[in-house]
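Residue-level structural notes
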Amino acid sequence: MRIGLVGSGDVAQSLAKGFIGMDHEVMIGTRDPGKKDLEKLKTKLGKHFTVGTTTEAANFGEIVFLAVAWHAGEDVIAQIRPQLAGKIVIDVTNPLIFNDGEPPQLAVGHTISGGEIVQQSLPDSHVVKALNIINHQNMIQPKYKSGVPTMFVCGNNKSAINHTGELLHEMGWEDIVDLGGIEKSRLLEPLCLLWVEYGIAKNTWSHAFSVLAK
Ligand SMILES: NC(=O)c1ccc[n+]([C@@H]2O[C@H](COP(=O)([O-])OP(=O)(O)OC[C@H]3O[C@@H](n4cnc5c(N)ncnc54)[C@H](OP(=O)(O)O)[C@@H]3O)[C@@H](O)[C@H]2O)c1
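Now for a look at the structure at hand. The model shown is predicted, which means the values in this text are computed figures rather than measured ones. (Residues numbered from 1 in each chain as written. Predicted model: local features only at pLDDT ≥ 70, side-chain atom pairs only at ≥ 80, totals over all residues. Heavy atoms only, no water.)

**Details of helix H1 (residues 10–21)**
Every α-helix winds through 3.6 residues per turn, so residues three or four apart in the chain are directed the same way. To keep things clear, this is the line we draw: Runs of E in the DSSP output that reach at least two residues are strands. Runs of H or I that reach at least four are helices, and both are numbered from the N terminus. Multiplying one less than the number of residues by 1.5 Å gives the expected span of a helix. Burial classes follow relative accessibility: with a 1.4 Å probe on protein chains only, a residue under 20% of its type's maximum area counts as buried, one over 50% as exposed, and anything between as partly exposed. Residues are treated as being in contact if the distance between any of their heavy atoms lies within 4.5 Å.
With 12 residues, H1 ought to run about 16 Å at 1.5 Å a step, and its terminal C-alpha atoms sit 17 Å apart, in line with that. Taken as a whole, H1 has its buried residues at Ala12, Gln13, Ser14, Leu15, Ala16, Gly18, Phe19 and Ile20. Elements in contact with the buried residues of H1: strand E1 (2–6), strand E2 (25–30), helix H2 (36–45), strand E3 (49–53), strand E4 (63–66) and helix H6 (158–170). Backbone geometry just after H1 places Asp23 at a positive phi near 70°.

**A look at the site of the ligand**
Worth spelling out the cut-off: Summary of the distance rule: residues count as near a molecule or strand when at least one heavy atom falls within 4 Å of that molecule or strand. Whenever two N or O atoms come within 3.5 Å, that pair is a polar contact, provided that in protein one can donate a hydrogen and the other can accept it, and provided that, for residues adjacent in sequence, both atoms are side-chain atoms. What sets the accessible areas is the Shrake-Rupley method with a 1.4 Å probe; for residues, cover comes only from the shown protein chains. Each residue receives one of three labels: charged for Asp, Glu, Lys and Arg, nonpolar for Ala, Val, Leu, Ile, Met, Phe, Trp, Tyr, Cys and Pro, and polar for the others, Gly being one of them.
For the ligand, the set of nearby residues contains 23 residues, the closest of which are Ser8, Val11, Thr30, Arg31 and His136. Take Arg31: an N or O atom from its main chain is 2.8 Å from an oxygen atom of the ligand. In this structure, an oxygen atom belonging to the ligand sits 2.9 Å away from a main-chain N or O atom of Val68. Taken by itself the ligand offers 880 Å² of open surface, and the protein chains cover 75% of this. Of all elements in the fold, only H1 and helix H4 (70–84) reach the threshold of two or more residues within the shell around the ligand. Of the residues contributing to the shell around the ligand, the split by class is 10 nonpolar, 10 polar and three charged.

**Examining helix H7 (residues 185–202)**
Between the first and last C-alpha of H7 there are 26 Å, a value that for 18 residues agrees with the 26 Å anticipated at 1.5 Å per step. Of the residues making up H7, those classed as buried are Ser185, Leu188, Glu189, Leu191, Cys192, Leu193, Trp195, Val196 and Gly199. Where H7 is buried, its residues touch strand E6 (96–97), strand E7 (105–106), helix H5 (114–121), strand E8 (126–129) and strand E9 (150–155). The positive-phi residue at the C-terminal boundary of H7 is Asn203, with phi of around 55°.

**Quick notes on the pairing of E1**
We count it as follows: Strand pairing is assigned whenever DSSP detects at least two bridges linking the two strands. Orienting the strands away from the viewer, one traces the path from the first strand over the helix to the second; a clockwise path indicates a right-handed crossover.
Of all the five residues making up E1, four are buried; the element is thus mostly covered by neighbouring parts of the structure. Across five bridges, E1 lies against E2 in parallel orientation. Counted as the bridge partner of Gly4 is Met27 from E2. With H1 bridging E1 and the parallel E2, this β-α-β connection has right-handed handedness.

**What to know about the pattern of salt bridges**
Selection rule: Take a side-chain nitrogen of Lys or Arg and a carboxyl oxygen of Asp or Glu: if they are within 4 Å of each other, that pair is a salt bridge.
Counting across every chain of the model gives five salt bridges. A salt bridge links Asp91 to Lys129; its shortest N-O distance comes to 2.9 Å. Within this pair, whereas Asp91 is found in strand E5 (residues 88–91), its partner Lys129 is found in strand E8, the two being separated by 38 residues in sequence. By relative accessible area, which is 0% here, Asp91 ends up buried. Residue classification places Lys129 among the buried positions, given a relative accessible area of 0%. Here Lys158 makes a salt bridge to Asp178, at a shortest N to O gap of 2.7 Å. Of this pair, Lys158 sits in helix H6 while Asp178 sits in strand E10 (residues 175–178), placing them 20 residues apart in sequence. Residues participating in the shared-partner salt-bridge network are Asp91, Lys129 and Glu189.

**Quick look at the side chain of Asp91**
At 2.9 Å, the side chain of Asp91 and the side chain of Lys129 are in polar contact. Residues within four places of Asp91 in sequence aside, it is in contact with Leu66, Gly114, Gly115, Val118, Val127, Val128, Lys129 and Ala130.

**As for unusual backbone geometry**
At Leu131, a position not held by glycine, the phi torsion is positive, near 65°. Tracing the chain through its elements places Leu131 in the loop between E8 and E9. Even without a glycine there, the phi angle at Asn203 is positive, about 55°. Here Asn203 is to be found in the segment after H7.

Everything listed here is a matter of coordinates, which is why it stays silent on function.
The following block contains the structure:
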């Protein structure tokens, strides 16, 4: 499958490595395709990995991941809306505000979520919120001592949810829970803050959520 990754940060680079390992074709889209770290990644990942502009990556992907800093999302989406029409857009972003020396806070939450804002900005795309509650290193093959964690997804289009579930399964996720419409992002985005608080409390940054059933 051709996978477009909009963004070139830690998430996009980890997903690129993982998807190339799974024999997909991947393009990262960025404002600066000449970045040194991306040149290195090209050498490492080979001919099925390319780097382009944000628009090129959105155009390339049969499925596209939105993996940009929240404050950049609105502008980036406005540039690539036509290229994303009709496509599944997997939104891994968290609507975070950072203040020096403090844990991040949510920019939105009670009455609307980041996922809903992304879906409203992309009315012709099928937005699925996923992978926002796991650190980038463990998005692919999330194997832990106690097993594979739980991954929650939500979105308005059932077929898009099912396709995302198949891809997540291929990525090594086993317990994938469809929460319903994109408004369930109001539950998923605060979990990111809980993930951060757990990390601060326990001094660990590779943890993940798992729901245990008896
Ligand atoms: N890091 C994690 O483990 C993790 C886990 C789950 C979810 N998330 C979420 O995933 C998203 C990506 O996270 P990240 O850690 O990979 O990196 P990040 O530092 O949050 O975002 C980096 C990306 O945002 C883009 N960006 C930053 N400022 C911009 C601006 N003013 N205009 C346009 N683009 C801008 C950059 O684009 P260019 O390529 O053009 O420079 C870069 O690709 C975030 O929303 C984050 O909250 C992160």
